Amino acid sequence: MKIKGVIIQGSSRSNGNTNKITSFVQKKTGFDIIDLKSKQIGEFDYNFKNKADDFLPLMVEIVNKYDTIIFATPVYWYSMSGIMKNFFDRITDCLKIEKEIGRKLRGKTMGMISCGSDSEIKKGFEMPFVESANYLGMHYLGDMHTWMENELISESLKKELNTFIEKKIKTVYNNVYS
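Residues numbered from 1 in each chain as written. Predicted model: local features only at pLDDT ≥ 70, side-chain atom pairs only at ≥ 80, totals over all residues. Heavy atoms only, no water.

Participant: When you look at the overall build of the chain in this model, what are you seeing that I'm missing?
Facilitator: Within the chain, the secondary structure is distributed over seven helices and five strands. Walking the chain from its N terminus toward its C terminus, one meets helices and strands in the order β-α-β-α-β-α-α-α-β-α-β-α. For a compact globule of 178 residues, the expected C-alpha radius of gyration is about 16 Å, and the chain comes in at 16 Å, within 12% of that figure. Each principal axis of the C-alpha distribution contributes one length, and for the chain these read about 45 × 40 × 30 Å. Counting over 178 residues, the chain shows a buried share of 47%. In the chain, which carries 26 positive and 22 negative side-chain charges, the distance between the mean positions of the two groups comes to 4 Å. (Helix = DSSP H or I, 4+ residues; strand = E, 2+ residues; numbered from the N terminus. Rg over C-alpha atoms; globule rule 2.2 N^0.38 Å. Buried < 20%, exposed > 50% of the residue type's maximum accessible area, 1.4 Å probe, protein only. Lys, Arg positive; Asp, Glu negative; His and termini not counted. Charge placed at Lys NZ, Arg CZ, Asp CG, Glu CD.)

Right, here's the structure in full:
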């Protein structure tokens, strides 16, 4: 059976707070999880000297196996994590030297979940995800900000996550792929 959704976790800690959120969403959706921390992905290079790292094989897997991609990132200094930013920068490889991989992103669905230490997030945090989806021809299903209380997902946040999963992920997923 083809698993159609994946959560790409981009945190400096594989088992940190973002992973708690990612695991919660995975249990509700059945989506796979890819932990960018476990991959060797170099920064973008105009001469494409990093093309032998894990990025291109990972992108081949993503475009061939999944229709929905949820990016999960902690909030570091009011922005996505560095490891997630490297991943986004490397998508340029798929637009310059591996164009067929880049073309396969068109029509797929993208969403974003952020995890911070505060229940509020600064306006505009989602912009790189929204605009990247637009540029790549992907459907943007939405985003949600999460946070931990005493290292736990609060009951109120669990309700919000369940609503996000039902109204955004599953609804958009069913409308686009059914």
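Next comes the rest of the description.
Participant: Help me out: how do you make sense of the layout of surface pockets in this one?
Facilitator: Empty space among the atoms can be located by rolling a probe the size of a water molecule over them. A volume near 230 Å³ is recorded for the largest pocket. As for the largest pocket, its lining consists of Val75, Trp77, Tyr78, Gly116, Ser117, Asp118, Glu120, Ile121, Lys122 and His145. In terms of residue class, the lining of the largest pocket is made up of four nonpolar, three polar and three charged. (1 Å grid on protein atoms, 1.4 Å probe; cavity = no way out; pocket = protein on both sides within 12 Å on 5 of 7 lines; lining within 4 Å. Points joined across faces, edges and corners; volume = space filled by probe spheres on them. Nonpolar A, V, L, I, M, F, W, Y, C, P; charged D, E, K, R; others polar.)

Participant: What is the right way to look at the pairing of strand 5 (residues 139-147) in this model?
Facilitator: One face of the sheet, then the other: side chains in a regular strand alternate in exactly this way. Sheet analysis places strand 4 (residues 109-116) next to strand 5, joined by eight bridges and oriented parallel. Bridge pairing links Cys115 to Thr146 in strand 5. Crossover strand 4 to strand 5 through helix 6 (residues 127-136) is right-handed. (Pairing = 2+ DSSP bridges. Right-handed = clockwise from strand over helix to strand, strands pointing away.)

Participant: Got a minute to help me understand the nonpolar core in this structure?
Facilitator: The nonpolar side chains of soluble globular proteins are, as a tendency, buried together. If you look at the biggest cluster of nonpolar residues, it comprises 29 residues, and the most contacted ones within it are Met59, Ile62, Phe71, Phe87 and Phe88. For this core, the secondary structure elements donating two or more residues are strand 1 (5-9), helix 2 (55-65), strand 3 (68-74), helix 3 (82-90), strand 4 and helix 6. The dominant element in this core, judged by the number of residues it contributes, is helix 2, at six residues. Those residues in contact with Phe88 that sit more than four places away from it in its chain are Phe71, Met80, Met110, Pro128, Phe129 and Ser132. Within the second largest apolar cluster, 19 residues are counted, among which are Phe31, Ile70, Leu141 and Met144. (Core = buried A, V, L, I, M, F, W, Y, C linked by side-chain atoms within 4.5 Å. Contact = heavy atoms within 4.5 Å.)

Participant: Teacher, can you tell me more about a nonpolar patch on the surface here?
Facilitator: Residues Tyr76, Trp77 and Tyr78 make up a contiguous nonpolar surface patch of roughly 460 Å² in combined accessible area. Secondary-structure assignment places Tyr78 in the loop between strand 3 and helix 3. (Patch = residues over 30% accessible without salt bridge, like charges linked within 9 Å, V, L, I, M, F, W, Y side chains within 5 Å. Areas by Shrake-Rupley, 256 points an atom, 1.4 Å probe, with all protein chains shown as cover. Salt bridge = Lys/Arg side-chain N within 4 Å of Asp/Glu carboxyl O.)

Participant: Is there a simple way to think about the environment of Arg90 in this case?
Facilitator: Of note, Arg90 is situated in helix 3. Taking the relative accessible area as the measure of exposure, Arg90 reaches 1% and is therefore buried. With 86 residues separating them along the chain, Arg90 and Lys4 place their C-alpha atoms 23 Å apart. Sequence-distant contacts of Arg90, defined by excluding residues within four places in its chain, comprise Ile41, Gly42, Glu43, Phe44, Asn50, Lys51, Asp53 and Phe55.

Participant: Teacher, can you tell me more about helix 2 here?
Facilitator: Residues separated by three or four positions in an α-helix point in the same direction, a consequence of the helix having 3.6 residues per turn. Those residues of helix 2 that fall on the buried side of the exposure criterion are Phe55, Leu56, Leu58, Met59, Ile62 and Val63. Relative to the axis of helix 2, the buried residues are bounded by an arc of 155 degrees and lie together on one face. (Arc of directions from axis to C-beta.)

Participant: Explain the side chain of Thr146 to me, please; I cannot follow it from the model alone.
Facilitator: Relative to the assigned elements, Thr146 resides in strand 5. Apart from the residues lying within four places of it in its own chain, the contact partners of Thr146 are Ile21, Ile113, Ser114, Cys115, Gly116, Asp118, Leu157 and Leu161.

Participant: Explanation requested: the sheet that holds strand 3 in the structure shown.
Facilitator: Strand-to-strand pairing in sheets goes through backbone hydrogen bonds, with the strands running parallel or antiparallel. Read from one edge of the open sheet, five strands run 2-1-3-4-5, paired in parallel fashion. Each having just a single partner strand, strand 2 (32-35) and strand 5 make up the two edges of the open sheet. Strand after strand, the sheet turns through a mean of 20 degrees between neighbouring axes, direction not considered. Of the pairings in the sheet, the one linking strand 1 to strand 2 comprises four bridges and is parallel in character. Its bridge partner lying in strand 2, Val6 is registered against Asp32. Helix 1 (residues 17-29) contacts strand 1, strand 2, strand 3, strand 4 and strand 5 of the sheet and is inclined by roughly 175 degrees relative to strand 1. The strands that helix 6 touches are strand 3, strand 4 and strand 5; relative to strand 4, the one it contacts most, it runs at about 170 degrees. (Axes fitted to C-alpha atoms, helices over the stretch in contact; angles between N-to-C directions.)

Distances and angles like these do not, on their own, reveal function.
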